[in-house]
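Analysis of the macromolecular model
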Amino acid sequence: MYRDAKPINWVAFRIVLVAVLFAAGTVLLMVRAYRLSISDAEALKKLAGKQRKLVLHLEARRGMIVDRYGEPVAASIEVNSVYVNPRRISDKQQTAKVLAEILEMDENEALKKLNENKHFVWMRRRVSPLIADRVAKADLQGVFTDTEYQRFYPLRNLAAHVVGFAGMDSQGLEGVELYYDEDLKADPIPVTAQRDALGRPVMFTAMGEDPKRRDLHLTVDRNIQYIAERELEEAVRKEQAKGGVAIVMDADSGEILACAVSPGYNLNVFGKTPADTRRNRAVADTFEPGSTFKVFLAAAALDLGRIDPGEKFDCHKGLYRYNGVEIHDIVPHKLLTFREVIVHSSNIGAVNISEKLKKTEFFRILQGFGFGSVTGVDLPGERPGALPLPGKWSVLTKANIAFGQGISVNPIQLTAAFAAAVNGGLLYKPHAMKRMTNALGEVVREDAATPVRRVIKQSTSEEVVRILRDVVQEGTGKGAAIAGVDVVGKTGTAQKADPAGGYAKDRYVGSFIGAMMGTTPRLVISVAVDEPGGRNRTGGKIAAPVFRKIAEGILALCGSGPNQADRILASAESPFKKFSQCPRKKVKVRKGPHSGEWVVPDLKGLDMRQVLDICGKMKCDAAFQGIGHAVEQDPKPGRILKEGEALKVSFEDQQS
Amino acid sequence: MAATADENIAVTAATPGRLSGLDPFCLTLIVLILTAGIVMVTSASYIIASGKFGDGFYYAKKQGLAMVLGLTVMCVFSQINPNFWKRASLPLLGMGMIFLALVFVPNIGVEMGGSHRWVRLPFGFFVQPSEFIKYALIMFMADSLAKKGDSIRDFATGFLPHVLVTGLVVFFILMQPDFGAAVIVTSVVFLMLFVAGVRLQHLLGGAILCLPFLFYVGISAPYRWRRWSAFLDPWGDPLNSGFHIIQSLIAFACGGVTGVGIGKSIQKLFFLPQPHTDFVFSVVGEELGLVGVIALILLFYLLVCRGLVVAIRAGDPFQRHLAFGITSLIGLQALVNMAVCMGLLPTKGLPLPLISLGGTSLVMNLAGLGILMSISRSAASGSAGKKP
């Protein structure tokens, strides 16, 4: 036993030795683990952060454009687009066949796209969610769907030329969409994510609102805009005119409350509209103003003190030879006072008045009113018009300018200058932007009323207003008069310059520019009807009534009857339109029996923004009509609507 | 065979109340390690499996199946008298060698990633003969060492035959090539020889003679040389050869003390090479942190301690050598794998026993542990199992 036991003990001893070896190894492992996880971890973690970092660019939503009261006029809604990676498609024939069927396109055309030697080809952009869903379900190799944003203009034609539009890739192309594109455009939002070794993102931090998003608030009041467009359109139709412009501006700030351009167009299908129609005539077209320009002649003459309002001028019974040219008046007069020259719009009188002014001082005042240079209005494509330098004036130029020939203006410029003539002499920069807000609704920029300069003395302006009041009460502008409302204004009937030289015989611009002086705020409304084809040619007959109807519409809108003494239309606190103060209805959208189906809620009484939200939720194709609050809808409440189908909603103003 | 079965029944009956003769200490450790293993393999393989097979649990299911099979084998083997393996060792070694050779036979052997490590079995199973031969060799060595007695100290009878047999086995393993397995097998055999009492000068001489050979094998394949240089200086070429080691170290660093949480590892997303097999320990480091790492190291250490205690307690020399061989095989593999993951040893391509994905390895290790349990039981049941 003794001899047996000894070697066994030695074996056991050696096993213990091995156990010690294992123990040492274990301790070594633990020390190493401690160092890796704790003491040496920082440098390694930094490396991990570096190699895992991935910056993704998420498509952002373009800023919204809303009117004065926050009602959307341009909004981006989510739509789906289908794209392919041709290099990852093995069976192109089959893929083309399936895609062509779902997307309702030509199979050969689809195949052509699939055969492009690229990594990325759009198959069809802006498809309904329904179609995108079918593409996704087809589960085709190398075919993908993506969410994009599409610009949607819920008010369609309204203020089309001011709002403008953005293209396929959300880039502003016209109107404020273009002018404020830098603010509105949505740069892809960089999001830091983690990635795996193959570069695929694995973890996102959920993103809230885009901090860089800017919403544009217009000065445009869509109710007033609607009235202006309605009345202008009516006049253009009635007078068989080529087109027209009507502008409503706050005389004491330059805010553009409405800018109607005829013919109009639907912003949602801007691609189908000819460029000529899309051009904003209110800034991009210049015309010779004609008699409305006598306002500025009068202002200049009075301000320079060359004239006494009672001073008489010989009007030569309607025919006056001046430096070898015949000057006519439509209605012949013998002797007219200064005031009467304006009131009856005598060209001969105007020429005589201009004789009392020096070229340079007349020029300086016209320049002061902003003629000959752009107003800087925040609408793209503005043209300055022509105001020749005094050195280049011929013997006739001053006389011509006196009654609005030989110079050209754009409608916004003329309106702003008129506002300066009647508001006490301050020229304001016209503008369409009220303010810019961020995603949280905080104001980041505001376009406050800033006077550009004083053009004429306060007293001059007051005298001009007195004269212009008479124009409406007893002169050429009677058509603009509204009982009980202090309306001033001036008519204009300008022959259009013939491209061949001289003036065209039967092409006119009939215009009226006026202001409601007794209201708060004081509103300047200018109307120009281009090439009326009917019997009426004069501004007094064509444009003055449009002015009256727009003014009456605004008064009615604000609940202010024509004979009411209280004429506060709007103040800083309360907007022009007194909305019915019914509490906002909350509407819940319920799911339908099958997926992708919804129960159409009752939309009655909702405003456009609410309806737009609901349409977004139901992923349906919204088709809006009119303005105001929802009154009609198709399909009716309670019906089932499939995603991607159309929901038609009619809006109406409950008060007008 | 019949006699063995009778003995089994007798022994089982002799120890009523015990868990069918399963060493409870050992069993607890195994269950804990296996639980950690299946969880970590599931977490580490999910993304890879869903990419490859469209089913994230593909590997997890296979591993679970292997686990059930392995536990069954373990239970069965724990009931078999350990002396049965004395007689079975030589046939098993022969079988193992044939298997090992089959690897190179076309249509039976399967080539994956440039190495021949698998043999195709009926019903769509694959096995790794090298896992099998490890245990067959250990059994053969244990039997042979036990028979030699004092003559173990003699070079010609105690040292040379064992080294020659081992050399043959290692040669076949290297042919696959499976460098990691070759190193492990050689190391375990040396440990067994050392414990059996082979003269130290013989062992050292053998080891020194091995060195030029090791060196040659080490540099003959360029990838091994790269692994070696990457081990020495992973930061010398962090984007190529050093990449895997650095990624593994990053996993431990990101884990910190408590880890990022199960399933939340980023390193397993293709930064780590084979996060579900060779580098599963790194995923443990990232997801469970230092706490999990220390716990797993301790579990393996306790398992090794228990195995060595069983070896010491075993009365029979064969059982003792067998218990020691099995224990050091599992312990050494675990130690080396963990060391590799933490950058203490060059990368070898060794799985972490009981944890890493791999059916053959799991079943074989559980079988080995079953044998260990049977030795434990026979030692505990006193002199009954002891033979003069």
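The structure presented is a predicted model; accordingly, all values stated were derived computationally and were not measured.

To continue, consider the overall build of chain A. Helices and strands together make up the secondary structure of chain A, namely 20 helices and 27 strands. Residues counted as buried form 53% of the 656 residues belonging to chain A. Accessible area of chain A: about 30,000 Å², with a carbon and sulfur share of 51%.

Residue and element names in this part refer to chain B. Chain-level statistics for chain B give a pLDDT mean of 84 and a share of 88% at 70 or above. Taking the mean pLDDT of every element in chain B, the minimum, 42, falls on helix α1 (residues 2-14) and the maximum, 95, on helix α11 (residues 280-313). Confidence drops under pLDDT 50 across residues 1-19; counting only partners more than four residues distant or on other chains, this segment forms 14 contacts. In this model residues 383-388 is a low-confidence stretch, pLDDT under 50, and it forms four contacts with partners more than four residues away in sequence or in other chains. Both confidence scores are given for the complex: pTM 0.62, ipTM 0.89.

Here we come to the packing of helix α12 (residues 294-303) of chain A against helix α14 (residues 347-354) of chain A. All names here are of chain A. Contact geometry for α12 and α14: axes closest at 10 Å, N-to-C directions at 30°. Here α12 and α14 pass one another in a crossing that is left-handed. For the pair α12 and α14, the contacting residues are Lys 294, Leu 297 and Ala 301 in the first and Asn 347, Ala 350, Ile 353 and Ser 354 in the second. A class-by-class count of the residues in the contact of α12 with α14 yields four nonpolar, two polar and one charged.

So, about the sheet that holds strand β22 (residues 590-591) of chain A. All names here are of chain A. On the basis of which strands lie adjacent, the open sheet formed by three strands has the order β22-β23-β26 and antiparallel pairing. Sheet topology places β22 and β26 (640-642) at the edges, where each strand pairs with a single neighbour. Sheet topology note: the strand β23 (residues 597-599)/β26 ladder contains three bridges and is antiparallel. Looking across to β26, one finds that Trp 598 is bridged to Leu 641.

The subject of this paragraph is helix α2 (residues 24-53) of chain B. Residue and element names in this part refer to chain B. At Ser 45, α2 shows its maximal kink, close to 50°. Capping of α2 at its N-terminal end is provided by Asp 23; its side-chain oxygen lies 3.0 Å from the backbone amide nitrogen of Phe 25. Positive backbone phi, at 75°, marks Gly 54, one or two positions downstream of α2.

Looking now at the pairing of strand β10 (residues 256-262) of chain A. Residues and elements named next belong to chain A. Burial runs high along β10: seven of the seven residues are buried. Judged from the six bridges that link them, strand β9 (residues 243-250) and β10 form a sheet pairing that is antiparallel. Within β10, the position partnered with Met 249 by the bridge is Ile 256. What sits between β9 and β10 in their antiparallel hairpin is a turn of five residues, with Gly 254 showing a positive phi close to 85°.

To describe two helices that pack against each other, one gives the angle between their axes and the distance between the axes. Residue and element names in this part refer to chain B. Between helix α6 (residues 155-175) and helix α7 (residues 179-196), the shortest axis-to-axis distance is 9 Å and the interhelical angle comes to 170°. Judged by the inter-axis angle, α6 sits roughly antiparallel to α7. The two elements α6 and α7 cross, and the hand of that crossing is right-handed. Touching Gly 158, Phe 159, His 162, Val 163, Thr 166, Val 170, Ile 173 and Leu 174 of α6 are Phe 179, Ala 181, Ala 182, Val 185, Thr 186, Val 189 and Leu 193, all from α7.

Our focus in this paragraph is the pattern of salt bridges. Two side chains carrying opposite charge are able to pair once their charged atoms lie near each other. Under the definition given, this model contains 40 salt bridges over all chains. Its salt-bridge partner being Lys 356 of chain A, residue Glu 311 of chain A comes within 2.3 Å of it at the nearest N-O pair. You can see Glu 311 of chain A sitting in the loop between α12 and β11 (312-314) and its partner Lys 356 of chain A sitting in the loop between α14 and α15 (359-368), a full 45 residues away along the chain. A salt bridge links Asp 316 of chain B to Lys 86 of chain B; its shortest N-O distance comes to 3.9 Å. Taken together, the positions of Asp 316 of chain B in the loop between α11 and α12 (317-341) and Lys 86 of chain B in helix α4 (residues 84-102) put the pair 230 residues apart, joining distant regions of the chain. On the basis of relative accessible area, Lys 86 of chain B is assigned to the partly exposed category, the value being 31%. Within the structure, one salt-bridge network assembled from shared partners comprises Lys 242, Lys 496, Arg 507, Asp 530 and Glu 531 of chain A.

This part covers the interface of chain A and chain B. The partner chain B presents 43 residues to the 37 residues of chain A that form the contact. Between chain A and chain B the total buried area reaches about 3,600 Å² when both faces are included, carbon and sulfur atoms providing 80% of it. Looking at the side of chain A facing chain B, the largest losses of area belong to Ile 15, Phe 22 and Leu 29 of chain A, adding up to 19% of the total buried there. On the surface where chain A and chain B come into contact, there are one salt bridge. Across the pair Glu 286 of chain B and Arg 52 of chain A runs a salt bridge, and its minimum N-O distance is 3.1 Å. Our enumeration of links across chain A and chain B arrives at seven residue pairs in polar contact (both at pLDDT 80 or more). For the side of chain A that touches chain B, the secondary structure elements donating two or more residues are α1 (2-39), α2 (41-52), β6 (189-195) and β7 (201-203) of chain A.

Residues and elements named next belong to chain A. With 12 residues, α2 should reach 16 Å at 1.5 Å per residue; the first-to-last C-alpha distance of 16 Å fits that figure. Three or more residues of α2 are buried, namely Ala 41, Leu 44, Ala 48, Gln 51 and Arg 52. Considered in projection along α2, the buried side chains sweep an arc of 100° and stay on one side of the axis. In α2, the exposed residues that point more than 90 degrees away from the buried face are Glu 42, Ala 43, Lys 46 and Lys 50.

Time to look at unusual backbone geometry. Residue and element names in this part refer to chain A. Here the bond from Ser 262 into Pro 263 is cis, since omega is 0°, no more than 30 degrees from zero. As for its placement among the helices and strands, Pro 263 is situated in the loop between β10 and α10 (275-278). At the junction of Asp 634 and Pro 635, the peptide bond is cis and its omega measures out at 5° in the coordinates. With respect to the element layout, Pro 635 can be found in the loop between β25 (629-634) and β26. At Glu 104, a residue that is not glycine, the phi angle is positive and equals roughly 55°. Topologically, Glu 104 is positioned in the loop between α3 (92-103) and α4 (107-114).

What follows is about the packing of aromatic side chains. Evaluation of the coordinates by the stated rule reveals 25 aromatic pairs over all chains. Centre to centre, the rings of Phe 362 of chain A and Trp 393 of chain A are 6.3 Å apart; their planes meet at 80°, and the pair counts as edge-to-face. Of this pair, Phe 362 of chain A sits in helix α15 while Trp 393 of chain A sits in the loop between α15 and α16 (397-402); the two residues are 31 residues apart in sequence, bridging distant segments of the chain. For the pair Phe 362 of chain A and Trp 393 of chain A, a shared accessibility class is recorded, and that class is buried. Between the aromatic rings of Phe 77 of chain B and Trp 85 of chain B, the centroid separation amounts to 4.9 Å while the plane-to-plane angle is 50°, which identifies the pairing as tilted.

Attention now moves to the environment of Val 198 of chain B. All names here are of chain B. For Val 198, the location among the structural elements is in the loop between α7 and α8 (200-220). Judged by relative accessible area, Val 198 falls into the buried class, the value being 4%. Those residues in contact with Val 198 that sit more than four places away from it in its chain are Ile 152, Gly 158, Phe 159, Leu 193 and Leu 203.

With that settled, the discussion passes to the sheet that holds strand β20 (residues 503-516) of chain A. Residue and element names in this part refer to chain A. In spatial order, the strands read β10-β9-β21-β20-β19; together these five strands make up an open sheet with antiparallel pairing. The open sheet has two edge strands with one neighbour each: β10 and β19 (487-497). When the angles between neighbouring strand axes are averaged without regard to direction, this sheet yields 10°. Two elements, β20 and strand β21 (residues 523-530), share eight bridges in a ladder whose sense is antiparallel.

Bringing the side chain of Asp 23 of chain B into the picture now. Residues and elements named next belong to chain B. Structurally, Asp 23 can be placed in the loop between α1 and α2. For Asp 23, the side chain forms a polar contact with the side chain of Ser 376, separated by 3.0 Å. When near neighbours in sequence (up to four residues on either side) are disregarded, Asp 23 contacts Arg 306, Val 310, Met 373 and Ser 376.

A contiguous nonpolar surface patch, about 340 Å² in accessible area, is contributed by Tyr 34 and Ile 38 of chain A together with Val 257 and Val 291 of chain B. With respect to the helices and strands, Val 291 of chain B occurs in helix α11.

Cut-offs applied
- Within any chain, residue numbers begin from 1 and follow the written order of that chain's sequence.
- In the order they appear in the text, chains get letters beginning with A and ligands get numbers beginning with 1.
- For a predicted model such as this one, the threshold for reporting local features is a pLDDT of at least 70, and the threshold for listing and counting side-chain atom pairs is 80 or more; totals across whole chains, interfaces and linings nevertheless cover every residue.
- Excluded from the side-chain calculation are hydrogens and water; included are all heavy atoms of the structure.
- The secondary structure listing takes helices from DSSP runs of H or I that are at least 4 residues long and strands from runs of E that are at least 2 residues long, numbered from the N terminus.
- The rule is simple: take the accessible area with a 1.4 Å probe, protein chains only, and divide by the maximum for that residue type; under 20% is buried, over 50% is exposed, in between is partly exposed.
- The accessible surface values rely on the Shrake-Rupley method and a 1.4 Å probe; as for residues, cover is taken only from the protein chains in view.
- Here pLDDT means the predictor's own confidence in every residue, given as a number from 0 to 100.
- Two residues qualify as a contact provided that any one of their heavy atoms is within 4.5 Å of a heavy atom in the partner residue.
- Axes here refer to lines fitted to C-alpha atoms; in helices the fit is confined to the stretch in contact. Angles between the N-to-C directions go from 0 to 180 degrees.
- Here is the rule for handedness: rotate from the far helix to the near one, and if that takes an anticlockwise turn smaller than a right angle the crossing is left-handed, while a clockwise turn gives right-handed.
- Nonpolar residues are Ala, Val, Leu, Ile, Met, Phe, Trp, Tyr, Cys and Pro. Charged residues are Asp, Glu, Lys and Arg, and all others, Gly as well, are polar.
- Strand pairing requires that DSSP identify at least two bridges connecting the strands.
- The bend reported for a residue corresponds to the angle between axes fitted to the seven residues ending at that residue and the seven starting there.
- Polar contact is the term for a pair of N or O atoms within 3.5 Å; when the atoms are in protein, one must be able to donate a hydrogen and the other to accept it, and sequence-neighboring residues count only if both atoms are side-chain atoms.
- The labels follow the angle: roughly parallel below 35 degrees, roughly antiparallel above 145, roughly perpendicular from 65 to 115, and oblique for the rest.
- Salt bridge, as used here, is a side-chain nitrogen of Lys or Arg placed within 4 Å of a carboxyl oxygen of Asp or Glu.
- Put simply, buried area is how much 1.4 Å-probe accessible surface two parts lose in total, over both of them, once they are put together.
- Here the expected span of a helix is defined as 1.5 Å times the quantity of residues minus one.
- What the arc covers is the set of directions going from the helix axis to the C-beta atoms.
- For Phe, Tyr and Trp, where Trp contributes only its six-membered ring, two rings pair if their centres lie within 6.5 Å, and the inter-plane angle classes them as stacked under 30 degrees, edge-to-face over 60, or tilted in between.
- Exposure above 30% relative accessible area and no salt bridge define the residues that can form patches, which grow by joining like charges within 9 Å and nonpolar side chains of Val, Leu, Ile, Met, Phe, Trp and Tyr within 5 Å.

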